[in-house]
Amino acid sequence: MRPSEIEWYWYIKFHDMNETHLKMVQIKILTKIFKTFSGTKKRSVPPTDGPAYWNHVARHMGLKSHYLDPFLGEMKRQAHLSLVQRWGGLPVTGRVLKTDLFEEAMGPDALLTDLPNYGGMILGMDVSAAIAIQARRRDADLHAYYVAADVRRLPFANGTFSLIISTSTLDHFRDPSDLNRSLRQLARVLEPGGQLIVTLDNRQNLLDFLLRFISRMGWLPYYTGRSYKVDELCAELETVGLVVKDTTAILHNPRLMAVVAVSFTNKLRCRVLTTLVHRALVAFQKMGKTRWRYRTGSFVAARAVRPVMCVNGCGTALDPTECVA
Ligand SMILES: C[S@@+](CC[C@H](N)C(=O)[O-])C[C@H]1O[C@@H](n2cnc3c(N)ncnc32)[C@H](O)[C@@H]1O
């Protein structure tokens, strides 16, 4: 049997090494393992979480295929679209904002272009200009407008939007207090009576610790900040003056396991096995109707409303029609 070129390479490399060389290689490997596990080498924490970092992520990921395969991407997309639908759909008129464009730029889980025919204006924003430009390029029919902006410092006037959709944008900050800063900004640009639908990585998910571990090791394609319990999310929303109307958890699959299982079956190219895994993942969505939903959902979700201030002194109401003279 002829050894492959790689085997020859390693054979020659190690054969030529003397004892000292081998010791040095051993020390290098051990130092690397120690640094990774002791936390001295947190590759996942970027020096900044501003546009430069996310532009870099976009360039890096643009060269590779997306981490979500089309089936998982479609599941994620459907989970978010049906959440928007279930929580009242698009407003009759007014502007709609989505707080990041990651899916629209490079994923199989884009939402914006699939929001049902809407007469009002749809605006997508992202802190990364590269991501916003890429999202614009993919939207051939120009369903939406695209801008580069930071959700912590929104360049929009008070009360600009009737609906804001924020899908796992606010859980990527290095400084956790940026969540509150961003929610304050989102509450400001919501019109009175307008709605915010927000999702974040779910801290109550049974496998959240695994996601944190993998993120800490730097094995994810981007930085993930902290995750949140449903009560923590509600408390944050209330401190910025929004009124929480609904909460739930969505996308009930063991996220990392699903990615691994689907890529494994894809590699095997076994149709039957792939179909079985897909069916199991779809069946798992039923957990969303049980009391275990916060344990199995990948994202915790909330719908919050900006109250209407009644000028005639009846206090605050959620809907202008509730405001009695
Ligand atoms: C890793 S992605 C994940 C979010 C995506 N919606 C999803 O569910 O897969 C994070 C996105 O949020 C954007 N982002 C991060 N910080 C932001 C900020 N301060 N303002 C606006 N967008 C931000 C990033 O550029 C990136 O597109």
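Residues numbered from 1 in each chain as written. Predicted model: local features only at pLDDT ≥ 70, side-chain atom pairs only at ≥ 80, totals over all residues.

### With respect to the packing of helix 7 (residues 178-189) against helix 9 (residues 230-239)
The N-to-C vectors of helix 7 and helix 9 enclose an angle of 50 degrees; their axes lie 9 Å apart at closest approach. Overall, the two elements helix 7 and helix 9 adopt an arrangement that is oblique. Of the two elements, helix 7 crosses helix 9, and the hand of that crossing is right-handed. Contacts from L179, N180 and L183 in helix 7 reach E236, L237 and T239 in helix 9. Looking at the contact of helix 7 with helix 9, its residues break down into three nonpolar, two polar and one charged. (Axes fitted to C-alpha atoms, helices over the stretch in contact; angles between N-to-C directions. Helix = DSSP H or I, 4+ residues; strand = E, 2+ residues; numbered from the N terminus. Parallel < 35°, antiparallel > 145°, perpendicular 65-115°, else oblique. Left-handed = near helix turned anticlockwise from the far one by under 90°. Contact = placed C-beta atoms within 7 Å. Nonpolar A, V, L, I, M, F, W, Y, C, P; charged D, E, K, R; others polar.)

### Notes on the site of the ligand
Near the ligand lie 19 residues; those nearest to it are W54, D100, F102, V127 and V151. For the shell around the ligand, the class distribution of residues is seven nonpolar, six polar and six charged. (Near = placed C-beta within 6 Å.)

### A few points about the packing of helix 3 (residues 51-62) against helix 6 (residues 129-138)
When two helices pack together, you describe them by how their axes are tilted relative to each other and by the distance separating the axes. Where helix 3 meets helix 6, the closest approach of the two axes is 7 Å, and the angle between their N-to-C directions is 45 degrees. Between helix 3 and helix 6, the crossing angle belongs to the class labelled oblique. In contact with P51, W54, N55, A58 and R59 of helix 3, helix 6 contributes A129, A130, I131 and Q134. Classifying every residue of the contact of helix 3 with helix 6 gives six nonpolar, two polar and one charged.

### Description of the nonpolar core
Core analysis: the largest hydrophobic core is formed by 58 residues, its most contacted members being I131, I164, L196, V300 and A301. In terms of residue count, strand 7 (residues 299-305) provides more of this core than any other element does, six residues in total. (Core = buried A, V, L, I, M, F, W, Y, C linked by C-beta atoms within 7 Å. Buried ≥ 20, exposed ≤ 12 C-beta atoms within 10 Å, placed from the backbone.)

### Topic: the pairing of strand 4 (residues 161-167)
Strand 4 sits mainly inside the fold: seven of its seven residues count as buried. Here six bridges tie strand 4 to strand 5 (residues 190-201), and the two strands are oriented parallel to one another. Directly across from L163, in strand 5, lies its bridge partner Q195. (Pairing = 2+ DSSP bridges.)

### Thoughts on the environment of L142
Looking at the element boundaries, L142 is found in the loop between helix 6 and strand 3 (145-148). We classify L142 as exposed; it has 9 C-beta atoms within 10 Å.

### Section: the sheet that holds strand 1 (residues 96-98)
The pairing of strands in a sheet comes from backbone hydrogen bonds and takes either a parallel or an antiparallel form. Strands sit in the order 3-2-1-4-5-7-6 across an open sheet of seven strands; the sheet is mixed. Looking at the sheet topology across the chains shown, the edges are occupied by strand 3 and strand 6 (243-250). Here the strands of the sheet are splayed against their neighbours by 15 degrees on average, with no regard to which way each runs.

### Focus on the pairing of strand 2 (residues 122-126)
With four of its five residues buried, strand 2 lies for the most part within the structure. Relative to strand 2, strand 1 is paired through three bridges, and the arrangement is parallel. From the neighbouring strand, K98 faces strand 2, where its bridge partner is G124. Two elements, strand 2 and strand 3, share four bridges in a ladder whose sense is parallel. The residue bridging M125 from the neighbouring strand is V147, located in strand 3. Between strand 2 and its parallel partner strand 3, the chain crosses via helix 6, and the hand of that crossover is right-handed. (Right-handed = clockwise from strand over helix to strand, strands pointing away.)

### Section: the confidence of the model for the protein chain
Residues with a pLDDT of 70 or more make up 79% of the protein chain, whose mean pLDDT is 84. Segment residues 5-12 is flagged for pLDDT under 50; beyond a separation of four residues in sequence, or across chains, it makes two contacts in the model. (pLDDT = per-residue confidence, 0-100.)

### Topic: unusual backbone geometry
We note that L142 has phi near 50 degrees; this positive angle belongs to a residue other than glycine. A positive phi angle, close to 55 degrees, is found at S168, a residue other than glycine. In this structure, S168 sits in the loop between strand 4 and helix 7. On the basis of neighbour count, S168 is assigned to the buried category, with 24 C-beta atoms found within 10 Å.

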